[in-house]
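The residues making up each chain are set out below.
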Amino acid sequence: MQLPFRQITMEDKQAVEACASHYNYHLCEHCFTDMFMWRGHYGTEICFLNGFLLVKMHSMEDKTPRYLAPIGEGDLGAALDALESDARERGVPFVMVSVAEEMIGRIQAVRPGRYDFVHPNEDGDDYIYLAEKLRTLSGKKLQSKRNLVNRFRAAYDGRWSYEDISPESTREAYAYHLRWCQQNGCLHNAAFEGETCAIVLALENFAALGLRGGMLRLDGKVVAFTLGCPATPDMYVVQIEKADHTIAGAYQMINQQFVLRNCDGVEYVNREEDLGLEGLRKAKLSYYPAMRGIKYAAVPKGMKL
């Protein structure tokens, strides 16, 4: 019998976060905001079973169902069995993706020897930084970032401002996203349509999701914006960051200003993956992450991924 998966909705926020509270993994996948805003892009569906949150998504390549590891409290082995049964009923290979390294031991404890754990590639691994480093940009490694911030401040003294996004200013943030897409030649790029839908969902539900955001203005015009939210007691996740790349220091300013205003109470900031995009990878590495959030895939023993 197939599990009663359905599309995730805003009404699921409390229950999803209750299940996630039993873990403190530094990956973004079980953050409710991420699951909700990207639900169309990844076909995210959920159900609850005996104290666990079960999540089904689809691969981007061929839309084959994939599962996240169960999170919650109770009989983890039974939850894993239920997911495997669901895959059999659907006639698809059973694959769990984005399995946190700390989760592997829990799975092996309840179903020893059943799964192989593989690391498909680095494209989906999260970049996780010390919040203090992003606030201060201290140290020799981040000197170039400090220099860009200082040059921006000097060049645009009295002309720039940062403001928190409010439910009333979300339309302006969306309008900037469209300008950014046009500037970068991706306004009608299919790969960015999913991101646009995700941004719309995030901004339309800005307050209910508990999102925080910021906009950087130059001469009153928005030149950058960002969105993020707390994901675990010690970590913030930044879901979206856009800036005018022709303005030196704009990306560095929006990055630092957001962390300064929102991440005082956390140790880490997760800036998510690079998707295999070389420019994005270079930019994320240039901030020297404190660690990578490695995402494993779990498959039945001997099965080829």
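1. Quick notes on helix α5 (residues 101–110)
Inference 1: Along α5, the residues that are buried comprise Met103, Ile104 and Ile107. Along the long axis of α5, the arc covered by the buried residues comes to 110 degrees, so they all point the same way.
Inference 2: Buried residues belonging to α5 abut β4 (65–72), α4 (76–90), β5 (96–100), β6 (115–118) and β14 (295–300).

2. Digging into the pairing of β5
Inference 1: Judged by how many residues are buried, β5 sits mostly within the fold: four of five residues are covered.
Inference 2: Examined bridge by bridge, β4 and β5 share two bridges and lie parallel to one another. When the sheet's bridge partners are listed, leucine 68 is paired in β5 with valine 97.
Inference 3: Tracing the backbone out of β4, into α4 and back to the parallel element β5 gives a crossover that is right-handed.
Inference 4: Where β5 lies against β14, three bridges are found, and the strand directions are antiparallel.

3. Quick notes on the sheet that holds strand β3 (residues 52–58)
Inference 1: Read across the open sheet, the seven strands follow the order β1-β2-β3-β4-β5-β14-β6; overall the sheet is mixed. Two strands bound the open sheet, and with one partner strand each, they are β1 (6–7) and β6.
Inference 2: Where β6 meets β14, four bridges bridge the pair, whose relative direction is antiparallel. Bridging from a neighbouring strand, phenylalanine 117 pairs with alanine 298 of β14.
Inference 3: Relative to the sheet, α5 contacts β4, β5, β6 and β14, its axis offset from that of β5 by approximately 105 degrees.

4. Looking at the side chain of aspartate 125
Inference 1: Topologically, aspartate 125 is positioned in the loop between β6 and β7 (126–130).
Inference 2: Of the polar contacts made by the side chain of aspartate 125, one reaches the backbone nitrogen of lysine 295; its length is 3.0 Å.
Inference 3: Not counting the four nearest positions on each side in its chain, aspartate 125 is found in contact with His119, Glu272, Glu273, Asp274, Arg292, Gly293, Ile294 and Lys295.

5. So, α4
Inference 1: Here α4 contains 15 residues, and its C-alpha end-to-end distance of 21 Å stays within 8% of the 21 Å for a straight helix at 1.5 Å per residue.
Inference 2: Listed as buried for α4 are Leu76, Gly77, Ala79, Leu80, Ala82, Leu83, Glu84, Asp86 and Ala87.
Inference 3: Two residues or fewer after α4 comes glycine 91, characterised by a positive phi angle close to 70 degrees.

6. With respect to a nonpolar patch on the surface
Inference 1: Side chains of Leu275, Leu277 and Leu280 sit close together on the surface and give an oily, nonpolar patch of about 260 Å² of accessible area.
Inference 2: With respect to the helices and strands, the residue leucine 275 is situated in the loop between β12 (268–270) and α12 (278–285).
Inference 3: What makes leucine 275 exposed here is its relative accessible area of 53%.

7. Quick notes on the packing of helix α7 (residues 143–155) against helix α11 (residues 250–262)
Inference 1: For the pair α7 and α11, the least separation of the axes is 8 Å and the interaxial angle reads 100 degrees. The orientation of α7 with respect to α11, classified from their angle, is roughly perpendicular. Note on element contacts: α11 touches α7 through Ala250, Gln252, Met253, Gln256 and Gln257, opposite Lys145, Leu148, Val149, Phe152 and Arg153.
Inference 2: Its residues assigned to classes, the contact of α7 with α11 comprises five nonpolar, three polar and two charged.

8. Thoughts on the pairing of β7
Inference 1: Of all five residues in β7, four are buried; the element is thus mostly enclosed.
Inference 2: Pairing of β7 with strand β13 (residues 291–293) involves three bridges; the strand directions are antiparallel. Residue pairing for β13: isoleucine 128 is matched across the bridge by methionine 291.
Inference 3: Examined bridge by bridge, β7 and β12 share three bridges and lie antiparallel to one another.

How each quantity is defined
Residues numbered from 1 in each chain as written. Predicted model: local features only at pLDDT ≥ 70, side-chain atom pairs only at ≥ 80, totals over all residues. Heavy atoms only, no water. Buried < 20%, exposed > 50% of the residue type's maximum accessible area, 1.4 Å probe, protein only. Helix = DSSP H or I, 4+ residues; strand = E, 2+ residues; numbered from the N terminus. Arc of directions from axis to C-beta. Contact = heavy atoms within 4.5 Å. Pairing = 2+ DSSP bridges. Right-handed = clockwise from strand over helix to strand, strands pointing away. Axes fitted to C-alpha atoms, helices over the stretch in contact; angles between N-to-C directions. Polar contact = N/O pair within 3.5 Å; in protein donor to acceptor, adjacent residues only side chain to side chain. Expected span 1.5 Å × (residues − 1). Patch = residues over 30% accessible without salt bridge, like charges linked within 9 Å, V, L, I, M, F, W, Y side chains within 5 Å. Areas by Shrake-Rupley, 256 points an atom, 1.4 Å probe, with all protein chains shown as cover. Salt bridge = Lys/Arg side-chain N within 4 Å of Asp/Glu carboxyl O. Parallel < 35°, antiparallel > 145°, perpendicular 65-115°, else oblique. Nonpolar A, V, L, I, M, F, W, Y, C, P; charged D, E, K, R; others polar.

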